[in-house]
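# Examining the three-dimensional arrangement
So the chains spell out like this:
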Amino acid sequence: MSFVTRQLTRRVGAIAPEIQEQIQTLSVEELENLGEALLDFSEATDLENWLNQRQP
């Protein structure tokens with residue numbers, strides 16, 4: 001998970017603690033999907049939108 005977090009930080013800047021908590025709850029498959037999706041992110045709201053789409 002720390003690899004994805006480092007990639008996200010480099011891509012969109014600092015990640016808010018509540019967003020970090022959401023990332024920590026992701027499954028391995030979801031982390032892999034996030035690792036792929038982050039290549040298209042340009043700002044933190046892209047990450048937030050991606051996480052919100054995965055909420056039940």
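Below or above, wherever it landed, is the structure these notes cover. (Residues numbered from 1 in each chain as written. Predicted model: local features only at pLDDT ≥ 70, side-chain atom pairs only at ≥ 80, totals over all residues. Heavy atoms only, no water.)

### Observations concerning the overall build of the protein chain
- Within the protein chain, the regular secondary structure consists of four helices and zero strands.
- Relative to the globule expectation of 10 Å for 56 residues, the C-alpha radius of gyration of the protein chain, 10 Å, shows essentially globular dimensions.
- The principal-axis extent of the C-alpha atoms belonging to the protein chain is close to 25 × 20 × 20 Å.
- By the burial criterion, 29% of the 56 residues in the protein chain qualify as buried.
- Taking the contacts inside the protein chain whose residues are at least 6 apart along the sequence as the reference set, 60% of them involve residues at least 24 apart.
- With 4 positive and 10 negative side-chain charges, the protein chain shows a spacing of 10 Å between the two charge centroids. (Helix = DSSP H or I, 4+ residues; strand = E, 2+ residues; numbered from the N terminus. Rg over C-alpha atoms; globule rule 2.2 N^0.38 Å. Buried < 20%, exposed > 50% of the residue type's maximum accessible area, 1.4 Å probe, protein only. Contact = heavy atoms within 4.5 Å. Lys, Arg positive; Asp, Glu negative; His and termini not counted. Charge placed at Lys NZ, Arg CZ, Asp CG, Glu CD.)

### Looking at the environment of W50
- Among the structural elements, W50 can be located in helix α4 (residues 44-53).
- Those residues in contact with W50, other than ones at most four positions away along the chain, are L26, E30, N33, L34, A37 and F41.

### Considering the environment of A14
- Note that A14 resides in the loop between α1 (2-12) and α2 (17-24).
- Each C-alpha atom of the pair A14 and A44 lies 8.2 Å from the other, and the pair is 30 residues apart in sequence.

### Things to note about the packing of α2 against α4
- At a minimum axis separation of 11 Å, α2 and α4 run at an interaxial angle of 45°. Classified by the angle their axes make, α2 and α4 are oblique. Considering how the two elements wind past one another, α2 and α4 form a crossing that is left-handed. On α4, the residues that touch I19, Q22 and I23 of α2 are L47, E48, L51 and N52. (Axes fitted to C-alpha atoms, helices over the stretch in contact; angles between N-to-C directions. Parallel < 35°, antiparallel > 145°, perpendicular 65-115°, else oblique. Left-handed = near helix turned anticlockwise from the far one by under 90°.)

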